[in-house]
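# Working through the structure, step by step
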Number of protein chains: 2
Amino acid sequence: MLKMAYVDSMVRTATTLDVFNAIGDRRRRDILDCLARAPSERAVGELVSEVGLDQPTTSKHLRVLREVGLVNVRRAGRHRLYSLNAHAIKAVHDWTRTFERFWQHQLTKIKEHAETAHRADQQDTDPTKKGT
Amino acid sequence: MLKMAYVDSMVRTATTLDVFNAIGDRRRRDILDCLARAPSERAVGELVSEVGLDQPTTSKHLRVLREVGLVNVRRAGRHRLYSLNAHAIKAVHDWTRTFERFWQHQLTKIKEHAETAHRADQQDTDPTKKGT
DNA sequence: TTGACATATGCTAAAAATGGCATATGTTGA
DNA sequence: TCAACATATGCCATTTTTAGCATATGTCAA
């Protein structure tokens, strides 16, 4: 139901601009990890060195992180000091927490035989046998 | 032409096929949320109704979820019953937990004045003035 | 077997994301 | 003001992802 009559403007999934999508990129996660580690603030140039991307690319990823609120920026002379805004990551944390109860159970009761029984089904269910 | 001297394997960011990327898509998150809610297993047809995607699209998203280990499949007659594999989500949960200490502090000590002081800098630093 | 049903896959066109390079913008100091 | 430095943006070409439709594959029942 409600197959949503695609209003021509949302032909696609729409906004990629949310935290979940932002952390889907490994580079951006690298940046976040980097900001979480050492000093609380980093100039773009430092991130460029640590993450290993070139400056424009780094700036673009930082922009995405900025737009979804994952990082903060502050000016310091000709530098821009980026810092983590962990609060945004909390959204993801909270979402994953929704599933917490599952793996708590799954590991104890289910997993044991799921590893054996279910495995059989999956092997022939998850083909990956692309070629026809 | 032949511009791609590129090592052929790492032309881009590489494997998009990891859990983080999988949950970056809202549709897929919807599917996961769905599987987390009601009965522990769902036939594809049921997911189609609940999530609101057409069958092929649903199957494709399920495939992605399957390939990154976020869901399990089991055959039941002509149906395929999908169930959540929360264990895979735990990976994301653990990653976010890395930042837990930040928002615990940020909310208490930092946030208070960060909301005011830093905001000023950001406004003029986070333009979003796309059009030029 | 045949036919209805359930789900997966192939193919194509379009959209979105990305890397790279060039360059604009903003800052500091002489 | 000019030059050097730091960072952000614009633009282009390419890769990736995805929606949609058609259809293949597999299952059950008569």
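So, a few notes on the structure that sits alongside this text. Fair warning: this is a prediction, and the values are worked out from it, not measured in the lab. (Residues numbered from 1 in each chain as written. Chains lettered and ligands numbered in written order. Predicted model: local features only at pLDDT ≥ 70, side-chain atom pairs only at ≥ 80, totals over all residues. Heavy atoms only, no water.)

## Brief notes about the overall build of chain A
Here is the rule: The helix count covers DSSP runs of H or I at least four residues long, the strand count covers runs of E at least two residues long, and both are numbered beginning at the N terminus. Think of it in three bands: with a 1.4 Å probe and only protein chains considered, a residue is buried below 20% of the maximum accessible area for its type, exposed above 50%, and partly exposed in between. Throughout, a contact is declared for two residues whenever any of their heavy atoms are within 4.5 Å. Residue-level accessible areas treat just the shown protein chains as cover; the underlying method is Shrake-Rupley with a 1.4 Å probe.
Secondary structure assignment for chain A yields six helices and three strands. Walking chain A from its N terminus toward its C terminus, one meets helices and strands in the order α-α-β-α-α-β-β-α-α. Here chain A holds 132 residues, and 39% of them are scored as buried. In chain A, of all internal contacts separated by at least 6 residues, the share reaching a separation of at least 24 is 50%. Accessible surface for chain A amounts to roughly 7,800 Å². Of this, 53% is attributable to carbon and sulfur atoms.

## Digging into the pairing of strand β3 (residues 79-84) of chain B
Residues and elements named next belong to chain B. The condition that has to hold: We call two strands paired when DSSP finds no fewer than two bridges between them.
In this structure, strand β1 (residues 41-43) lies alongside β3, joined through three bridges in antiparallel fashion. Its bridge partner lying in β3, Ala 43 is registered against Leu 81. Pairing between strand β2 (residues 71-76) and β3: six bridges, direction antiparallel. Residue Val 71 lies in a different strand from β3, and its bridge partner there is Leu 84. Between the antiparallel neighbours β2 and β3 lie two residues, among them Gly 77 with a positive phi of about 65°.

## Remarks on the sheet that holds β2(B)
Residues and elements named next belong to chain B. Spelled out, the test is: Angles here are taken between N-to-C directions and fall from 0 to 180 degrees, while the axes themselves are lines fitted to C-alpha atoms, restricted in helices to the stretch in contact.
Taken in spatial order, the three strands make up an open sheet running β1-β3-β2, and their pairing is antiparallel. Strand pairing shows two members of the sheet lacking a second neighbour, β1 and β2, which therefore form its edges. Recorded for the sheet is a direction-independent mean angle of 30° between the axes of neighbouring strands.

## Points about the nonpolar core
Keep this limit in mind: Throughout, nonpolar core names a set of buried Ala, Val, Leu, Ile, Met, Phe, Trp, Tyr and Cys residues whose side chains join them through atoms within 4.5 Å.
If you look at the biggest cluster of nonpolar residues, it comprises 61 residues, and the most contacted ones within it are Leu32(A), Leu70(A), Phe99(A), Leu32(B), Leu70(B) and Phe99(B). Residues within four places of Leu32(A) in sequence aside, it is in contact with Ile23(A), Leu65(A), Leu70(A), Val71(A), Leu84(A), Ile89(A), Trp95(B) and Phe99(B).

## Here we look at helix α2 (residues 26-37) of chain B
An α-helix turns once per 3.6 residues; consequently, residues spaced three or four apart project the same way. Residue and element names in this part refer to chain B. What counts, and what does not: Expected span of a helix: the number of residues minus one, times 1.5 Å. Nitrogen and oxygen atoms within 3.5 Å of one another constitute a polar contact, given that in protein one can donate a hydrogen and the other can accept it, and given that sequence-neighbouring residues count only through two side-chain atoms.
Look at α2: 16 Å from first C-alpha to last across 12 residues, which is about the 16 Å you get at 1.5 Å a residue. For α2, the set of buried residues is Arg 27, Arg 28, Arg 29, Ile 31, Leu 32, Cys 34, Leu 35 and Ala 36. Structurally, the start of α2 carries an N-cap: the backbone nitrogen of Arg 27 is 2.7 Å from a side-chain oxygen of Asp 25.

## A closer look at the pattern of salt bridges
For clarity, the threshold we go by: Within this document, salt bridges are pairs made up of a side-chain nitrogen of Lys or Arg and a carboxyl oxygen of Asp or Glu, the two lying within 4 Å of each other.
One pass over the structure, following the stated rule, counts 16 salt bridges over all chains. Salt-bridge contacts for Arg29(B) lead to Asp18(A); the nearest nitrogen and oxygen are separated by 3.1 Å. With Arg29(B) in helix α2 and Asp18(A) in the segment before α1 (19-22), the pair connects residues from two separate chains. Take Arg29(B): its relative accessible area is 8%, and that puts it in the buried class. Residues Asp94(B) and Arg97(B) are paired through a salt bridge, measuring 4.0 Å at the closest nitrogen-oxygen approach.

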